[in-house]
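Coordinates in review
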Amino acid sequence: MAQKKKPNWGYFASLALSVGLALAAGAIIMWAAGYNPVEAYGALLQGATGCDTIGEFFTELFTKRQFGNTLEYTMVLALTGLACALGARAGIFNVGGEGQLYLGAIVSAYIGVLLSGCSAWLAIPAAALGAMAVGGAYAWIPGVLKVKLKVNEVITTIMLNSIAIYFCAYLSTGPWKTSQGNRVSGTDTLDASFQFTRLIKGSSLSTAIFAAAVIALLVWYVMSKTATGYSLKMTGQNRRFAFFSGLKVDTLTIGAMTISGAMCGLVGMFEVYGLKGNYQDGISNEFYFDGLLVAMIMRYSPVGIIFMSILFAVLRIGASGMELNAGVPGELYRIIQSVIIFFMAAQSGISAAVKAKRAEKKARQAAKARLEVKSRG
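Below: a short report on this structure. (Residues numbered from 1 in each chain as written. Predicted model: local features only at pLDDT ≥ 70, side-chain atom pairs only at ≥ 80, totals over all residues. Heavy atoms only, no water.)

On to the overall build of the chain. Looking only at helices and strands, one finds 14 helices and zero strands in the chain. Secondary structure of the chain in N-to-C order comes out as α-α-α-α-α-α-α-α-α-α-α-α-α-α. Reported as C-alpha extents along the three principal axes, the dimensions of the chain are approximately 95 × 60 × 40 Å. Within the span of the chain, comprising 377 residues, buried residues form 46% of the whole. The long-range share in the chain, meaning contacts at least 24 apart out of those at least 6 apart in sequence, stands at 74%. For the chain, the exposed surface amounts to about 19,600 Å²; the carbon and sulfur share of it is 66%. For the chain, the distance from the average site of its 32 positive side-chain charges to the average site of its 18 negative ones is 19 Å. (Helix = DSSP H or I, 4+ residues; strand = E, 2+ residues; numbered from the N terminus. Buried < 20%, exposed > 50% of the residue type's maximum accessible area, 1.4 Å probe, protein only. Contact = heavy atoms within 4.5 Å. Areas by Shrake-Rupley, 256 points an atom, 1.4 Å probe, with all protein chains shown as cover. Lys, Arg positive; Asp, Glu negative; His and termini not counted. Charge placed at Lys NZ, Arg CZ, Asp CG, Glu CD.)

Let's shift gears to the pattern of salt bridges. Inspection of every chain in the model, using the stated rule, returns seven salt bridges. Of the charged contacts in the structure, one is a salt bridge between Glu56 and Lys64, with a shortest N-O distance of 3.6 Å. Lys64 matches Glu56 in its accessibility class, with the two residues each being buried. Here Asp290 and Arg316 are joined by a salt bridge, their closest N and O atoms 2.9 Å apart. In this pair, Asp290 sits in helix α12 (residues 287-297) while Arg316 sits in helix α13 (residues 302-326), placing the two residues 26 residues apart along the sequence. Asp290 gets classed as buried once you look at its relative accessible area, which sits at 5%. Several salt bridges converge on common partners, so that one network encompasses Glu56, Glu60 and Lys64. (Salt bridge = Lys/Arg side-chain N within 4 Å of Asp/Glu carboxyl O.)

A word on the packing of aromatic side chains. A complete count under the given rule lists ten aromatic pairs for this structure. Taking 6.2 Å as the distance between ring centres and 70° as the angle between the ring planes, the aromatic pair formed by Phe196 and Phe270 counts as edge-to-face. Of the two residues, Phe196 sits in the loop between α7 (153-173) and α8 (208-225) while Phe270 sits in helix α11 (residues 249-276), which places them 74 residues apart along the sequence. Each member of the pair Phe196 and Phe270 is classed as buried. An angle of 80° between the planes, with centres 5.2 Å apart, marks the rings of Phe243 and Phe244 as edge-to-face. When its relative accessible area of 48% is taken as the criterion, Phe243 is described as partly exposed. (Phe/Tyr/Trp six-rings, centres within 6.5 Å; stacked < 30°, edge-to-face > 60°.)

Moving on: unusual backbone geometry. One non-glycine residue, Glu286, lies in the positive phi region at around 55°. Residue position: Glu286 is located in the loop between α11 and α12. Backbone geometry places Arg299, a non-glycine residue, at a positive phi of 55°.

With that settled, the discussion passes to the packing of helix α4 (residues 65-89) against α12. Axis separation between α4 and α12 bottoms out at 7 Å; the angle between their running directions is 65°. Here α4 lies roughly perpendicular to α12, going by the angle between them. Like other packed secondary-structure pairs, α4 and α12 cross with a definite hand, here right-handed. The residues of α12 that touch α4, namely those facing Tyr73, Val76, Leu77, Thr80, Gly81 and Cys84, are Phe287, Tyr288, Asp290, Gly291, Leu292 and Ala295. Within the contact of α4 with α12, the residues separate by chemical class into eight nonpolar, three polar and one charged. (Axes fitted to C-alpha atoms, helices over the stretch in contact; angles between N-to-C directions. Parallel < 35°, antiparallel > 145°, perpendicular 65-115°, else oblique. Left-handed = near helix turned anticlockwise from the far one by under 90°. Nonpolar A, V, L, I, M, F, W, Y, C, P; charged D, E, K, R; others polar.)

Okay, structure coming up:
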């Protein structure tokens, strides 16, 4: 019977320490610049939740616009982070999620425009499938190049990002440009019946979060509880061993990359149908790269990605409140984020050094004990 995998408590402890040290570093920077750190962090939480008091937090949290925005950004980070984790689990690094997101957004918007007047039960699934198809196809290209021609996927996906973003800009200012109003770029606005319902008035949170929760649950289940997830893990950890074990490593690698791209395309569709109402240039503010950071910090753990997404969303959405209410520049959250990344990157090296020291100490003690036994004999 296989042993149940124990949680890596040492890693979680180092993560908590990294977050604590990052917040402490942010507090020192604020104090040195003449700001009150306690007031600033209070304003950050207020900006992320919309609650001024503890009583409001427990009674009115789910009615606050700011909290809705935090949840929406958490959804985006979690989905993009999980998309990155899927590819990484199979040993392929998808850096092209931003371009895949853009393509999914503009294709889903155009499908919505074409199906204007149709039932939402037809238009929304069609747009979702279109977004997933174009995002997956665009990720399939570097996946095939990696597997068949050994082309580095980091380089190809970065280059394909720029191509996708500029191509979408061409479409939104040319063939697919709106005929509504005097806007310079962007597609026509979708029918109101196509747009997801807002869950909190005035916020960007929509019913897309329910679909996102289902997708996150599926990704966790596949990666953690299925033979496919184990095969992906084997492929990522030791491709040669997986191949000689009979696994179809090429198919697994390309498949993981394709699904990763499909998820990014779907995030683009959620932005159009849930927040914007049409495709606009700059629809993503480097969402995928933030999700990629979350995934890397949490070592591609699905549950960890979701929790770290919450923290990063609180920092980003709360930064505006910190700036407005405490006068602290909102960019401070980037400093805190960077310090967390720095400590987590250093954690593995520090842990390895500590383990090496312990092993060396044990070896010396063992050698000393053997010498003592020989001297007595």
